[in-house]
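Close look at the chain arrangement
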Amino acid sequence: MSSFEIHNDFNELDFILKKSSSEKDLFDMITREIFGDNLLFAIIETTTIGDVSGVGTSQYIAHKPYEYIQEVIHKDYFDIIQTVKSDKFGGPSKYINWYRRDNSYYVIGKNRETEKSFEGKLNSEILPPYEKDKTAEQYISDYVTPLTEETIRSFFNLYVDSLLEKEWFRELPNYFVLVKPLSVKDDSAWYIPLGNLYVKIGTKTTVELETYQKYVTILQTAWFKKYGAKMLQEFSKKRTSDEYKPKYTIDKDMGKRFGEPLFTISGRPIMFHDLFQITFDSEEYRACQETEGYLLLESSELIKELIKKDPTNKQGISDFVRSIFKDYSENDPANFIKANKDGLVKLNGIGKECVHYFLQLLSLRRLALMLLFVYDMTFEEVHSCITYGERGKSKSPSISKYFRENTFVYKKNRKLNVELLAEREEKFLQNTFQKIQKNFPNFSSTLFK
């Protein structure tokens, strides 16, 4: 019988790790293995959405004393991040749209005039950020704005130019800088953000693109090996309802409203956040979400017809919405225009009827958000449209109360509602806007510039 070997997998990361008994300096080990004696410098910065900070934990490799790495390079790099963040754009990581890209953004360059000689060993240091000032929810703060390639290019140029202002970076004969979003995509092309990878490499001689591609691929594998279990644990705790809930926990007024009891079942008060879990996490009611017509979707007949109308004609949009609902029968699942909080309270119980009504109330919110943020209607115009003008002559406080209680939209600060959008609401608004633009290419709105 011939002899054979057993190995758990044939990927290069396993063979690299086999050379060392420790994974403490995982990114250092990979970087030295790939570039060998050609390596002069590296900063490998990684962030994960679940454990995020102002600057991610960074691995530094340099022909410099430890003190210089800590007191000069690390401080300079933090200043670069602050420079980028202080720009109006603020860097791509805060935009959900950034994570819907499979691209790597990189530059390979030369500092032709460098005459620096590099002696001694390469020192390596893992340093945490200077500050941890953001929660996972706040890290991605913009769920609406689409990012153009021009915007990202401008950010990347600023990032690289800021590096080139530093003496320790200018002295590198050859350099490679990469920024890459880390995310996974499901079958519906819905990207789930995981984190970011920022890489800076300095070498003595030119390195081929294929070597950098191999290096980044192995880095991503190592990143998932290091953080994957933690991220999977976090995702396993995430409920379906989290995708549908507005981010009420980061707003005091909205949080208070979501915590108000609607009715009591067996001595237990039922609140809005309970209804999200009952509706979206329960197997019993899951079919109600998208198969029975009670939740307004991009595929709903109202949306299909609405996106064909001239989006700049606000009165025409309003007239069309009213005409649609006049044609609906009272028992039609899509007839949500008269849904309100009081109607939900009167049901006074959990069951299919309650779930149906709750979905209709969420549909009313989606329509209001669409009219406000896609069509740029005023609160008064939207209120008149969805109430058939019944309170059109009322004073603004009653209009504010209507939106606050029935749609969780607050007149006092319109921008705040963008930040509070649920993931599914953001996706709904983004996709419907894109469909309108296909029919009317010159159309734009305040939210989607």
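Just above, that's the structure.
So, here is what we can say about the structure in this document. (Residues numbered from 1 in each chain as written. Predicted model: local features only at pLDDT ≥ 70, side-chain atom pairs only at ≥ 80, totals over all residues. Heavy atoms only, no water.)

A word on helix H19 (residues 423–439). In this model, H19 (17 residues) spans 25 Å end to end at C-alpha, consistent with the 24 Å of a helix rising 1.5 Å per residue. Residues of H19 that are buried: Glu423, Glu425, Glu426, Lys427, Phe428, Leu429, Gln430, Asn431, Thr432, Phe433 and Ile436. (Helix = DSSP H or I, 4+ residues; strand = E, 2+ residues; numbered from the N terminus. Expected span 1.5 Å × (residues − 1). Buried < 20%, exposed > 50% of the residue type's maximum accessible area, 1.4 Å probe, protein only.)

The next point concerns the pattern of salt bridges. If you walk through the whole model with that rule in mind, you get 10 salt bridges. The residue Asp79 makes a salt bridge to Lys75 at a minimum N-O spacing of 3.5 Å. Within this pair, Asp79 and its partner Lys75 are both found in helix H3 (residues 66–86), separated by four residues, close to a single helical turn. (Salt bridge = Lys/Arg side-chain N within 4 Å of Asp/Glu carboxyl O.)

Attention now moves to the packing of helix H10 (residues 272–280) against helix H15 (residues 352–373). As a packed pair, H10 and H15 sit with axes 10 Å apart at the nearest point and diverge in direction by 110 degrees. Classified by the interaxial angle, the pair formed by H10 and H15 is roughly perpendicular. Crossing handedness for the pair H10 and H15: left-handed. Between H10, through Phe272, Leu275, Phe276, Ile278, Thr279 and Phe280, and H15, the contact on the second element is made entirely by Cys354, Val355, Phe358, Leu359, Leu361 and Leu362. Among the residues forming the contact of H10 with H15, the class breakdown is 11 nonpolar, one polar and no charged. (Axes fitted to C-alpha atoms, helices over the stretch in contact; angles between N-to-C directions. Parallel < 35°, antiparallel > 145°, perpendicular 65-115°, else oblique. Left-handed = near helix turned anticlockwise from the far one by under 90°. Contact = heavy atoms within 4.5 Å. Nonpolar A, V, L, I, M, F, W, Y, C, P; charged D, E, K, R; others polar.)

Our focus in this paragraph is unusual backbone geometry. A positive phi angle, close to 60 degrees, is found at Asp376, a residue other than glycine. Positive phi, close to 60 degrees, is recorded for Phe408, a residue that is not glycine. Residue classification places Phe408 among the buried positions, given a relative accessible area of 2%.

This next bit is on the packing of aromatic side chains. Scanning all chains against the criterion turns up 25 aromatic pairs. Between Phe433 and Phe443 the ring centres are 5.8 Å apart and the planes differ by 45 degrees, which places this aromatic pair in the tilted class. Placement of Phe433 in helix H19 and of Phe443 in the segment after H19 is noted, with a sequence separation of 10 residues between them. With respect to class, Phe433 is no different from Phe443; both count as buried. Each residue in the set Tyr244, Tyr248, Phe258, Phe272, Phe276, Phe280, Phe358 and Phe408 is aromatic and connected to the rest through ring pairs, giving one cluster. When the ring centre of Tyr68 is taken as reference, the NZ or CZ atom of Lys64 above it lies at 4.8 Å. Seen from the ring of Phe428, Arg366 lies directly overhead, with NZ or CZ sitting 5.2 Å from the centre. (Phe/Tyr/Trp six-rings, centres within 6.5 Å; stacked < 30°, edge-to-face > 60°. Lys NZ or Arg CZ within 6 Å of the ring centre and 35° of its normal.)

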